[in-house]
Amino acid sequence: MATFIPPLEDLRRACVGNGELGMARDLFQSLLKAIIAPSSLQNEAKDRIMQIKAQLKENPKISDIVLDVIWLETSMIETENGKSTYPEPLIDLLKSLVRDIPTLHGPLLEILDASLLKMIGITESEPDLQKKIRLTNTQQYYRQHKFNLLVEESEGFAKFLYTVCMLLNDRQIVNRNERGSAILLRLIGTFSLDPNRCLDILLDVLDRELEAVNSNVSNKSTTSGSPSTDDYPRLKRLLQLINGMPLDKLPALLAFKLGRCQDMNRILCSSAFLVLHEVLNLSEFLTWLPEWADVLESAYNATKKQERETVKAMGRVKLSSASSKNTDEQAKGVDLSSLNNHPATRLILLLLRWNQFSLVEGLFQPYWSMICCLFPDTFGCLICDVVMDSVNEMLKGEQQALWTKQSQLKPESALSMEEILLTSVQKLEYTRDSGCIVLRPGLYCKICRLLAGVLVKERPSEEFINFLRSFILPSLGLFKSHPSFSQEVWKIIEHFPYQTRYSLYSSWRGIGLERNAILSDKPLWLIQGEILAGKDARHALKRLSKDTIRDACRAIAKVCHSHPLVVFSTILGQIESYDNLVQVMVDALRFATPLSLDVLAYCILGRLDGTGGGVNRSRLKDDGVNVSQWLQSLESFIGALYKHFPALELGGIMTYLMERVSTGHVMELGVLRMLLKESGGWAFADYAPAASLSSTQLEGRAGSTLLKRETMSFGVFQRFNKKASASVRRVLLNDDIGVKLLVLLSQLPNQIIFETKGKPSKPVKLIGNLVDTCQVTTSMLLGFLTDASHDNTSSDSATQGANDISSFAKSLPSLLALHDEYELDVASAWMLVRPLLRSEVALSTGDNSSEVVSTAVRPPDLSQEFKDSMQSRKISKLMSFSLFEYFYSFTLYDVCCPEDIYKSEIDRLEKEEERINRQKSSFPLTTTHGRPNLESDDAGELARVKNTAALLAADLKNQKVNVASCKETIASKAGIFFAPEINLREAASLFFCACVYPRCMKGPDDALYCARFVLLLHSLQVPGFSTMHLLDILTVATSKSLFGLTEGEAANVSILLNELWMTVSKWRYDENEFNSGLGGKVGSKMVDEGDNSSGEITSISYQQFIQMYNKWHAAIGMTALGCLNSKEYIHARNALIVLTRMVGSFPTRPCLANKLLSDLQPMQDENFPFADLRASAQAYSIQLLKARDEGVWKEESAEAVKARLSKEKAAAAARQKKAEEQMEQLKLDSEKITEEIGEKESWGRGERRGPYRSLGLDDSRAARGNGSGVAVSDSRSTHSTPPIAKDRVVSHHRDATGSTRDDSRAAKDRVPTARNDPPSSLSGTPPAARRESEQDSRARGLEGRWQKAPNAEPNNRGAKRSRPPSPADPGEIIQEDGGRNKRPRPDTDDSRHQVADDSRKGYPRRRRR
């Protein structure tokens, strides 16, 4: 090891005060090595030590370190010829130290060699020194001290014991002022007594005194504690006598007595008493005891190993007897008797029982956790009692405030968080791994309430949160099926934000649950509890259904109270696999505590991001297009859960969704949609897929929010939780989460389509689905956040709606910022701002909310800035900014009023009201047949129906006024919308590109709005607006765009085209409509653009319009044919969407229609790869043929119609003829089979077995034949069967052949009894009766065959169960040659099938008991 000279600053720093003794030792040792080793550093090292002589003189501890280093280094110097050679620098250093520091003279004399002492001048002669050393050693170690072993010794010990007793009794001996210990020492010197034996006598006396004290305490039944010297003066005097004795051998003496005594408790009690009064040093005494730490560690390791194996074996299926033997051996446990009987263990236990934990805490700090794990019932509980005493001491004045419902301390309380943690944290951490807190539930509850109370005054510290993480939450798993402890914990952590709570749950979960956590640092009792909780949860879930929901939900809640993470991980795993469990699971959580529900929210978030299970799960199915099943099920569960529990934390999921959307991941948007639909009550706003919207739904979206709600669900009212809706809205408005999501969602479509660099390519269908999902979610979220009604007419709700709108307006950036800074397109920016423009008008009620909205949306300089930013010179010349602003400001609600839809919904609600009133009047208030009282059930529904009808009527009135006002506003500014007529086509093209097409892509509402706005401008005859030019550009452009649209955008285009095409088609095929609607109007003007044209602006004629119509018709048709023949899925899909929407008005020319039908044939083939396209093609083909029959093909000639009808008639006749031939052949085959097999009745069954019965037609209450043609009535029937004449019995075979005909009622209404009867056998039955009987027989299956008979006759034993009534007449006879329905054997005991034969005479069989 190379020598070095430490810096002087380090030496001085080490010598100041106590310093770092270890560092000082290392520094001085390096200096001594440098002095002793022959090198050039000897003198420098010597000088360095000389420079700090002053510090050595002042600090004795540093001097001792220097002496130790000198002794060590000098003893290691090698000798030559029996003598050591010391270097001169070392001798000079020692001389200087002896001279300058006199206190080193004696220590150096003890540690240095005699020759070295002579060299430094301490001694003059080495032989004289050696002689003195021998004399000293002989006197101290080798000379024998002889004590008197005979008379004098016995007399001395007797007087010693007598004196001790007198002193204990406070008797006067010689001199009252003389100390008792001095008297005892004089006796020891007088009689030359052994001091150790005298001390032993005192210890024996102490044993007896303590034994008497303990017996006295036990007789009085007082609390256990250490004997007090104030209460027992004899102990005080005895303690003074022991203190006066030489105590250097006391630890060894006590250890010697422990090793040779039979009753260890007496010695340990004396030892503990001496330790308590600081007479005995505990650490020194433990060194004389047998080894204890190794025994403790070995027992602890063996116990933990066995517990770990037990946990691993839990749940294993044991098939052999050997495994059961091993289990029995493991159940015996580790032998802890040696450790339990160890003196150190019993001494510690005694001190703990005397409430002296502070004496032993620091000494045994590394071992407390092991001790508590091995002895939880004793050591663990005693430590908990120590904490309990400390807590009770702190709460002397706070008990009443602590145990109230609020569990809050008084504001003037002196308790602090630091004091509470200092008192309980470390001590309870010792008991964490043992779980012994379960034996002191009161302590756990008190600490929880104390922590909850102190949180009101102080913010939680890091130590506070760590205590919750390491002790409070894990210990909750010990208290099984106890909701109160879960409530106490929730009172603590409910004050924390969800980030802190979820961090605590994550630590609680660890690296895994149940068996996955065996290798973690979780306590084994916690892992064992998780395994048992998982088994209980799975056992309860196996029996969970709608019928057992009440019992199952209680069983689930019991497990949730202590181990919510395990239960909810299991539940979520099952929900992801079986989506039909969603609603059942939500209902099963009715008894869950708030803490459990909060943990469920954390588990859901973990399942979404992969940290809570299911890591690396794909969010897409194997086809790479559709959302995976687990994610869909989880979305449904989230929506239903937050609808049922509005108070559940939602901020975590919203923040997660925002982070995912900000990184371009949109697969989880279904979660947001389900939250808005289910929890927010905004399901009516989800129009996806837009292609499936009916005309009624589409028109209803032009009305109020209430009308949308009624029409989108087809009149089926979907209840929603208003508290849940308000909770979702509040979370979205807090921290601007809703606005951020809107802006991000508006940016996502372009990001999905264009930002593909460095990412794997996606299928076109997936890209389209993602874009449509973003658009639908944006529309729903925007409507939800800007809804001012809140579905309530109360003033408080209106005020809250105004406040929410104001909050949204404050958070939303300005229109210019959305376009320039956030790079949103014009339509998207206006889409976000448009609801606030409407609210500016709607909220003008005199309060400051409208002012806030106006300021947020329209600052004073917005208009001019927006003009400069979004309008070029060309736009300003061709189209005014007023038209641009009006077009993007208004909505469908402003330009049209669906009066017919309003009236139809009001009529429907009025009829529903009448139905409810009739139902109420038909049932009396007090029922006698067990019917429920429907008045209370229908009261709420009746009130809702009345209120909804009244609100719809008011909405209709308000919308009419609003539409009239908006149209008047547009008409007043219509003259300045467009430039002069010389730029008609350019103006129309600009209006289409800047306004119509961008907004049309935003949704079906906007597409319908664009069509209605165009027709409104046409009806107002806006100067400079050419409807023909716009239709020409729009038709061609939108049809060609089908090759590059998503399915949702194609649906929007189809709505726009269909709305305009219906008007265009009227103009085309009705000249009067053309003249009144278009001819001579401003919209009919077009610029002549031919080669030889002069560019004049003229109104087109009817013939010219027909040419334009044919052009547009061909453009749409050619695009549709091209899409259908394309190999791309999305092209064909878009074409089918547009064609299906327009089937009522397009195509009108048979040539194109027939071409479409022929091109659709390959798509309808079974081998076509896309099943959805095949179904769509088949549906459109049927609709197209239906439209042809209804006259939509207006240009089809009469000859073609006649030829087609004749061809179809011939084909129908051919089909009918073929069917008749097949029926005749079937009839011949049946007769042939009958001839071959004969008409024997039983075929081996025996006559007594009875005839066959038709499956589903016969029942136990119908009369049967007894084999001879006589009807036998079943005695189990609850209906009386009238007697039947013999002439009414008709043979089934003869009736089928037509040889016999019976016109009686029974023969007319008879139903065929054989399953393979030919149709001719039904000739005697009326068609209506046959259809009713056939439907009844098909509807009745096995589930209705074993119903309980409504009224059983008392004397009829076989009437306990019965089939439902047969559709046949009660008096009808079922013939014996009926169907092949199996009959039971006559010797079987089945009361449901009784056999009628001649011998029994129709009597029922006796049931076998």
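Analysis parameters
- Residues numbered from 1 in each chain as written.
- Predicted model: local features only at pLDDT ≥ 70, side-chain atom pairs only at ≥ 80, totals over all residues.
- Heavy atoms only, no water.
- Patch = residues over 30% accessible without salt bridge, like charges linked within 9 Å, V, L, I, M, F, W, Y side chains within 5 Å.
- Areas by Shrake-Rupley, 256 points an atom, 1.4 Å probe, with all protein chains shown as cover.
- Salt bridge = Lys/Arg side-chain N within 4 Å of Asp/Glu carboxyl O.
- Lys, Arg positive; Asp, Glu negative; His and termini not counted.
- Charge placed at Lys NZ, Arg CZ, Asp CG, Glu CD.
- Helix = DSSP H or I, 4+ residues; strand = E, 2+ residues; numbered from the N terminus.
- Buried < 20%, exposed > 50% of the residue type's maximum accessible area, 1.4 Å probe, protein only.
- Contact = heavy atoms within 4.5 Å.
- Core = buried A, V, L, I, M, F, W, Y, C linked by side-chain atoms within 4.5 Å.
- pLDDT = per-residue confidence, 0-100.
- Expected span 1.5 Å × (residues − 1).
- Arc of directions from axis to C-beta.
- Polar contact = N/O pair within 3.5 Å; in protein donor to acceptor, adjacent residues only side chain to side chain.

Turning our eyes to something else, we now look at a negative patch on the surface. The grouping of Glu1220, Glu1221, Glu1224, Glu1231, Glu1235 and Glu1236 at the surface amounts to a negative patch. Note that glutamate 1231 resides in helix 62 (residues 1198-1237).

So, about the side chain of glutamate 361. In this structure, glutamate 361 sits in helix 21 (residues 357-361). Buried within the structure, glutamate 361 lacks any salt-bridge partner; its nearest side chain of opposite charge belongs to lysine 427, at an N-O separation of 4.5 Å. When residues no more than four places from it in sequence are discounted, the contact partners of glutamate 361 are Trp368, Gln426, Lys427 and Tyr430.

Let's shift gears to the nonpolar core. With 249 residues, the main nonpolar core has Phe637 and Phe991 as its most contacted residues. Beyond its immediate stretch of four places on either side in the chain, phenylalanine 637 contacts Leu572, Ile575, Val582, Met585, Val586, Leu589, Leu600 and Ile604. Counting 75 residues, the second-largest nonpolar core is a separate cluster that includes Phe157, Leu210, Leu347 and Leu382.

Of the residues in the protein, 75% have a pLDDT of 70 or more, and the chain-wide mean is 78. Of the regions scoring below 50 in pLDDT, residues 843-863 engages in 28 contacts with residues more than four places distant in sequence or in other chains. Counting interchain partners and residues more than four positions distant, the pLDDT-below-50 stretch residues 926-932 has one contact.

Right, let's get into the pattern of salt bridges. Side chains that differ in charge, positive against negative, can pair when their charged atoms come close. Per the counting criterion, the structure on display carries 44 salt bridges. As a salt-bridge pair, aspartate 686 and lysine 677 come within 3.1 Å of each other at their nearest N and O atoms. For lysine 677, a relative accessible area of 22% gives the class partly exposed.

This brings us to helix 61 (residues 1171-1189). Along its 19 residues, helix 61 runs 27 Å from first to last C-alpha, staying within 8% of the 27 Å computed at 1.5 Å per residue. Within helix 61, the full set of buried residues consists of Leu1173, Arg1174, Ser1176, Ala1177, Tyr1180, Ser1181, Leu1184, Ala1187 and Arg1188. Taken down its axis, helix 61 places every buried residue within 160° of arc, on the same side. Counted as exposed and oriented over 90 degrees from the buried face of helix 61: Ile1182, Lys1186 and Asp1189. In this fold, the buried residues of helix 61 make contact with helix 59 (1129-1141), helix 60 (1150-1160) and helix 62. Just downstream of helix 61 lies glycine 1191, where phi reads positive at about 95°.

Note that serine 545 resides in the loop between helix 30 (524-542) and helix 31 (549-562). Note: C-alpha distance between serine 545 and methionine 585 (40 residues apart in sequence) is 9.1 Å.

Quick look at the side chain of threonine 786 now. By the secondary structure assignment, threonine 786 is in the loop between helix 42 (764-785) and helix 43 (795-811). Within the structure, the side chain of threonine 786 is placed 2.6 Å from the backbone oxygen of leucine 782, a separation counted as a polar contact. Beyond its immediate stretch of four places on either side in the chain, threonine 786 contacts Ile805, Phe808 and Pro835.

In this section: unusual backbone geometry. Each neighbour pair has its own omega, and for alanine 688 with proline 689 the value is -5°, a cis peptide bond. With respect to the element layout, proline 689 can be found in the loop between helix 37 (669-679) and helix 38 (695-700). In this structure, proline 1147 follows phenylalanine 1146 across a cis peptide bond, with omega equal to 0°. Position of proline 1147 relative to the elements: it lies in the loop between helix 59 and helix 60. Of note, serine 192 is a non-glycine position whose phi angle comes to about 50°, a positive value. Take serine 192: it is sitting in the loop between helix 11 (180-191) and helix 12 (195-220).

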